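Close look at the chain arrangement
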Amino acid sequence: MTSPQNDPAPRPPQGHTHAHTHSHGPAAPVSRHLRKVIAAVLIPFATAVVVGLIAFWPGGVPDHERTGVGFDRQTQDGKVVQVVKVDCADVNAAQVPPTGDTSTPSGREAVNEQEGECAKATVEVTSGDDKGRRFVEVVQPDAPRQLKEGQGVVVAYAPDAPRDLQYSVTDVNRKVPMALLAGIFALAVVLVGRMRGVMALVALAVSFVVLTLFILPAILQGSNPLVVAVIGASAIMLAALYMCHGVTARTSVAVIGTLISLLLIGLLGSLFIGWASLSGNTDDNTGLIKGLYPDIDMSGLLLAGVIIGSLGVLDDVTVTQTSAVWELHQADPEMGWKGLYRAGIRIGRDHIASVVNTLVLAYAGAALPLLLLFSIAQSSVGTVANSELVAEEIVRTLVGSIGLVASVPVTTVLAALVVSADRTGPGGAQAATAAPARTGRGRRRKTG
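Residues numbered from 1 in each chain as written. Predicted model: local features only at pLDDT ≥ 70, side-chain atom pairs only at ≥ 80, totals over all residues. Heavy atoms only, no water.

**A few points about the overall build of the protein**
Of regular secondary structure, the protein possesses 14 helices and 5 strands. The buried share of the protein, taken over its 448 residues, is 35%. Expressed as a percentage of contacts within the protein between residues at least 6 apart in sequence, the contacts between residues at least 24 apart total 72%. Put simply, the protein shows about 25500 Å² of open surface, and 63% of that area lies on carbon and sulfur atoms. (Helix = DSSP H or I, 4+ residues; strand = E, 2+ residues; numbered from the N terminus. Buried < 20%, exposed > 50% of the residue type's maximum accessible area, 1.4 Å probe, protein only. Contact = heavy atoms within 4.5 Å. Areas by Shrake-Rupley, 256 points an atom, 1.4 Å probe, with all protein chains shown as cover.)

Right, dumping it as structure tokens:
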């Protein structure tokens, strides 16, 4: 009889325990046939994205004559070198209304500008051709932004104004705290995610490159915003998913699920933005863009924003659902695609509830000042929802949410079909490998 010490060692790796060790590493590859099928779908799609990038590549932002309004101003860096308290009446030309009526906003503002202590700040320009030049900025006591000595600021330059009025403080300089926060974020991602975290940061950089070098300039050049958004979002999706999750069949299924959901969002968005007569030109910023570039399709720009805004959450949903189905299959290789779908969709329902709520709250948070204005005006819910400003956010939220909800069953059924059709792939190879081992052990017992 063979002793335990002389029993060959390959039994544990070849036996049942192999099916429980793959969760510590990458998913087992699918069969060559399925890889060919997936490649037949994705390679033409990726090729079309590359061709689209080349065809619509803008080559830079088109030049225009600056208006000096809003963000369209020449700016330089500056620094507050001195702050002196002065009587507001000595530095303001505003006059209190002769009637003394302070019930109106203009009357109250005039009174405030004549009373109390104002700050008289001396600001030095620290960049550009006028580096070293100084000017004076008067800050009212009730101004939301107060200046402090030594504070970095952003100054706007108006070349056509009188010399003493050419420079003015337009904002504070936040580069240091913003850079520090970005550094903390990157460090946290790398420490927790390790190599996956590094690749996620690289993918994030690629997303910004595509957004700033392709999507925005191409739209400004007059290209169709919807076409540009679809091409750019597809490029971001391919780069982000494959960089972060590897070039595997599991990632490819997530890519296909994301693509189908993006197409649904594009179709629904185009339908309801047109049906609801949403112009996309609802505030000063969009009005300025339309004034500078009259050929831009503002409703198309709104639809492009819906697609790009939905992409990040879509990636999360499709990757999670695909991974869940893969893990379920590896836990029970005998489960059919219907069983995998039912188990995966139960996980997806929890995901849907949390993701949709997150998306709605994110849009509501961004539109909170606007909602407060409607609340102050005591407008009805119907009146608020019918206004174009709010209707845009409602359409954006609901179209994106429909795409997210649809991505769960679409991705789950794709993953279930792919992984269950792979029984003759690695799973079959493992079973074939395990069978001789059991036969061998049986022979050894008989000979022993």
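**Topic: helix α13 (residues 388–420)**
A rise of 1.5 Å per residue sets the reference length of α13, with its 33 residues, at 48 Å; its end C-alpha atoms lie 48 Å apart and thus fit the reference within 8%. At Ser-407, α13 shows its maximal kink, close to 25 degrees; a proline, Pro-409, follows between one and four residues later. (Expected span 1.5 Å × (residues − 1). Bend = angle between axes of the 7 residues up to and from the residue.)

**Quick look at the side chain of Ser-127**
In this fold, Ser-127 is placed in the loop between β2 (117–125) and β3 (134–139). On the basis of relative accessibility, which here comes to 18%, the residue Ser-127 falls in the buried class. Of the polar contacts made by the side chain of Ser-127, one reaches the side chain of Gln-76; its length is 2.8 Å. Here the side chain of Ser-127 touches Asp-77 through a polar contact of 2.9 Å, landing on its backbone nitrogen. (Polar contact = N/O pair within 3.5 Å; in protein donor to acceptor, adjacent residues only side chain to side chain.)

**Description of the pattern of salt bridges**
If you walk through the whole model with that rule in mind, you get 6 salt bridges. For Arg-134, the salt bridge goes to Glu-124, with nearest N and O atoms at 3.2 Å. Placement of the pair is Arg-134 in strand β3 and Glu-124 in strand β2, with a sequence separation of 10 residues. According to the relative accessible area criterion, Arg-134 is exposed, its value standing at 52%. Among the salt bridges present, the one from Asp-171 reaches Arg-174, with a minimum N-O distance of 3.0 Å. Residue classification places Asp-171 among the partly exposed residues on the basis of a relative accessible area of 25%. (Salt bridge = Lys/Arg side-chain N within 4 Å of Asp/Glu carboxyl O.)

**Quick notes on the nonpolar core**
Membership of the largest hydrophobic core comes to 56 residues, with the highest contact counts inside it found for Leu-42, Phe-45, Ile-215, Met-237, Val-255, Leu-262 and Trp-326. Counting only elements with at least two residues in this core, the list comes to α2 (32–56), α5 (175–220), α6 (225–245), α7 (249–275), α9 (298–331), α10 (337–366) and α13. Broken down by element, the residue count for this core peaks at 11 residues, all from α9. One finds Val-80, Phe-135, Leu-147 and Val-169 within the second-largest nonpolar core, a separate group that totals 12 residues. (Core = buried A, V, L, I, M, F, W, Y, C linked by side-chain atoms within 4.5 Å.)

**Overview of the environment of Phe-214**
When you line up the elements, Phe-214 lands in helix α5. Relative accessible area serves as the criterion here: at 0%, Phe-214 is assigned to the buried category. With 14 residues separating them along the chain, Phe-214 and Val-228 place their C-alpha atoms 8.2 Å apart. With residues near it in sequence (within four places) discarded, Phe-214 still touches Gly-52, Leu-53, Phe-56, Trp-57, Pro-58, Val-209, Val-228, Ile-231 and Gly-232.

**So, the packing of aromatic side chains**
The full count for this structure, using the stated rule, is 4 aromatic pairs. Aromatic pair Phe-135 and Tyr-167: ring centres 5.9 Å apart, planes at 20 degrees, arrangement stacked. Residue Phe-135 is found in strand β3, and its partner Tyr-167 is found in strand β5 (residues 167–172); the two are separated by 32 residues along the sequence. Taken together through their ring pairs, the aromatic side chains of Phe-135, Tyr-157 and Tyr-167 make up a single cluster. (Phe/Tyr/Trp six-rings, centres within 6.5 Å; stacked < 30°, edge-to-face > 60°.)

**Side note on the confidence of the model for the protein**
Averaged over the protein, the pLDDT score is 77; the fraction of residues at 70 or greater is 77%. Contacts for the low-pLDDT stretch residues 1–25, under 50 throughout, to residues beyond four places or in other chains number 17 contacts. Segment residues 424–448: pLDDT under 50, and 16 contacts once partners within four positions in sequence are set aside and those in other chains are kept. (pLDDT = per-residue confidence, 0-100.)

**Focus: unusual backbone geometry**
Its identity is not glycine, yet Arg-194 carries a phi of approximately 55 degrees, on the positive side. Its place among the elements puts Arg-194 in helix α5. Even without being glycine, Ser-277 reaches a positive phi, approximately 55 degrees. By secondary structure assignment, the location of Ser-277 is in the loop between α7 and α8 (284–292).

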